[in-house]
Amino acid sequence: MTYFKLLLTAIFWGGTFISGRMLADSVPPFSAAFFRFLFAAVCLYVLVVRREGKIPRLERQQILPVALLGLTGVFAYNVLFFNGLKFITAGRASIIIANNPIIISVFAALFFREHLSPIKVLGILISITGAVVAISGGYPLALFAGGIGIGDLLIFGCVLSWSAYSLIGKRVMRDLSPLASVSHSAAVGVLALLIPACMEGMPAAAPGYSLADWGNLAYLGLFGTVLGFVWYYEGIRVIGPSRASLFINFVPISAICLAHIILKEPLTVSLLVGAILVIAGVTLNHLPVSGLHLSKSQVRP
């Protein structure tokens, strides 16, 4: 059952790219991010109370790190995510975001002096090659002729913001449980998103959202955030971080397959080759989840 839940988690996270793509043309990015994490924050706090007996209070020295978690992993990540999906396909976005652990490992080496073995360096090079193949459509030299678009840059911004979230989380989780950390960061993100969402016209527009829009928002909040987080950390507890995190490699595969089935996105050779190379590079570069990562530290839906 643990392995089955981890496989479903990877599929849920792959599905977030499809829901995000479907929302990109109908719900503005700040509003989409606000509702996603409003749903998630409420459910996460309920889980915190059930599992820990109460909502942990933040000490004065914890307020700034937790605020930074919300601003990087919730606010910045999701604004970039929903904006980026306006311009590029869900499958292509999933390949870029699959490089999360690669960037995290590089930053960890720079800021925390964590060792980069030759195998990890090889994994970084292979993964970056895969991303370049996918982004360029199989023609890497095209990148030098303006082949990287605004959508690619926005989604790569997701990678940078999630890397910051993961590394800051290393400090926060010394004093708070992963569940409490993510709950508080989700609440910070909701507060930060409220004003810009209102400026987008969210209060007036929300009643006009379609059932499909609300369904996608609920999916992102409940399945893509809450259930995925809980099952992922259950897997870490039962079978260990190394084996649990290997299931993350199914995320870009599920995203590409679901995008083809639901959104009718083409399955190009360059996309599939890029996915294989990224997955191979991430596997070589595999990092212990418990050391650096939060709920979805190798991807972000």
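For the structure itself, consult the block above.
In this text, all values refer to a predicted model and were calculated from it rather than measured experimentally.

Draft legend 1. Inspection of the layout of surface pockets at higher detail. Estimates place the volume of the largest pocket at around 240 Å³. Ile96, Ala131, Val132, Ile135 and Phe156 are, among the 13 residues lining the largest pocket, the residues nearest its centre. Elements with a minimum of two residues in the lining of the largest pocket: helix H5 (100–112), helix H6 (118–136) and helix H7 (150–172). Here the lining of the largest pocket takes 4 residues from H6, the largest share from any one element. Estimates place the volume of the second largest pocket at around 170 Å³. Lining the second largest pocket are Ile88, Thr89, Arg92, Ala134, Ile135, Gly137, Glu265, Pro266, Thr268, Ser270 and Leu271. For the lining of the second largest pocket, the secondary structure elements donating two or more residues are H6 and helix H13 (269–284).

Draft legend 2. Examining the nonpolar core more closely. Core analysis: the biggest nonpolar cluster contains 65 residues, and Phe17, Leu44, Phe81 and Ile97 have the highest contact counts within it. If we skip the residues at most four places from it in the chain, Leu44 touches Leu179, Val182, Ser183, Ala186, Val226 and Phe229. Membership of the second largest hydrophobic core comes to 10 residues, among which are Ala98, Ile256, Leu271 and Val282.

Draft legend 3. Focus on a nonpolar patch on the surface. A cluster of nonpolar side chains, namely Leu7, Ile11, Phe250 and Ile253, defines an oily patch on the protein surface of about 300 Å² accessible area. For the nonpolar patch, the secondary-structure elements that each account for two or more residues are helix H1 (2–23) and helix H12 (250–262). When its relative accessible area of 39% is taken as the criterion, Phe250 is described as partly exposed.

Draft legend 4. The pattern of salt bridges, seen in detail. Taken as a whole and assessed by the stated rule, the structure comprises 2 salt bridges. Arg21 serves as the salt-bridge partner of Asp25, at 3.7 Å between the closest nitrogen and oxygen. Linking Asp152 and Arg92 is a salt bridge whose minimum nitrogen-to-oxygen distance equals 2.7 Å. Here Asp152 is found in helix H7, whereas its partner Arg92 is found in helix H4 (residues 90–97), with 60 residues between them in sequence. With relative accessibility at 4%, the residue Asp152 sits in the buried group.

Draft legend 5. A look at the packing of H4 against H12. For the pair H4 and H12, the least separation of the axes is 8 Å and the interaxial angle reads 175°. Between H4 and H12, the crossing angle belongs to the class labelled roughly antiparallel. Contact with H4, carried on its side by Ala90, Gly91, Ser94 and Ile95, involves Pro252, Ala255, Ile256 and Ala259 of H12 and no other residues of that element. The residue inventory of the contact of H4 with H12, partitioned by class, reads 6 nonpolar, 2 polar and no charged.

Draft legend 6. Seen up close, H6. With 19 residues, H6 extends 27 Å between its outermost C-alpha atoms, agreeing within 8% with the 27 Å of an ideal straight helix rising 1.5 Å per residue. Considered for burial, the residues of H6 that qualify are Lys120, Gly123, Ile124, Ser127, Gly130, Ala131, Val133, Ala134, Ile135 and Ser136. For H6, the secondary structure elements touched by its buried residues are H4, H5, H7 and H13. Following H6 by one or two positions, Gly137 has its phi on the positive side, about 70°.

Draft legend 7. Quick look at the side chain of Ser31. Residue placement: Ser31 occurs in helix H2 (residues 29–52). Beyond its immediate chain neighbours, meaning those up to four positions away, Ser31 contacts Ala197, Glu200, Met202 and Tyr209.

Draft legend 8. Structural detail: unusual backbone geometry. Positioned with a positive phi, Lys264 is a non-glycine residue whose angle comes to about 60°. The residue Lys264 is located in the loop between H12 and H13 in this model.

Draft legend 9. Molecular detail of the environment of Phe35. If you trace the backbone, Phe35 turns up in helix H2. A residue is classified by how much of its surface remains accessible, and Phe35, at 9% relative accessible area, is buried.

Draft legend 10. Inspection of the environment of Ala187 at higher detail. Its location among the elements puts Ala187 in helix H8 (residues 178–199). Those residues in contact with Ala187 that lie beyond four places of it in its chain are Ala41 and Tyr45.

Rules behind the numbers
- Residues numbered from 1 in each chain as written.
- Predicted model: local features only at pLDDT ≥ 70, side-chain atom pairs only at ≥ 80, totals over all residues.
- Heavy atoms only, no water.
- 1 Å grid on protein atoms, 1.4 Å probe; cavity = no way out; pocket = protein on both sides within 12 Å on 5 of 7 lines; lining within 4 Å.
- Points joined across faces, edges and corners; volume = space filled by probe spheres on them.
- Helix = DSSP H or I, 4+ residues; strand = E, 2+ residues; numbered from the N terminus.
- Core = buried A, V, L, I, M, F, W, Y, C linked by side-chain atoms within 4.5 Å.
- Buried < 20%, exposed > 50% of the residue type's maximum accessible area, 1.4 Å probe, protein only.
- Contact = heavy atoms within 4.5 Å.
- Patch = residues over 30% accessible without salt bridge, like charges linked within 9 Å, V, L, I, M, F, W, Y side chains within 5 Å.
- Areas by Shrake-Rupley, 256 points an atom, 1.4 Å probe, with all protein chains shown as cover.
- Salt bridge = Lys/Arg side-chain N within 4 Å of Asp/Glu carboxyl O.
- Axes fitted to C-alpha atoms, helices over the stretch in contact; angles between N-to-C directions.
- Parallel < 35°, antiparallel > 145°, perpendicular 65-115°, else oblique.
- Nonpolar A, V, L, I, M, F, W, Y, C, P; charged D, E, K, R; others polar.
- Expected span 1.5 Å × (residues − 1).

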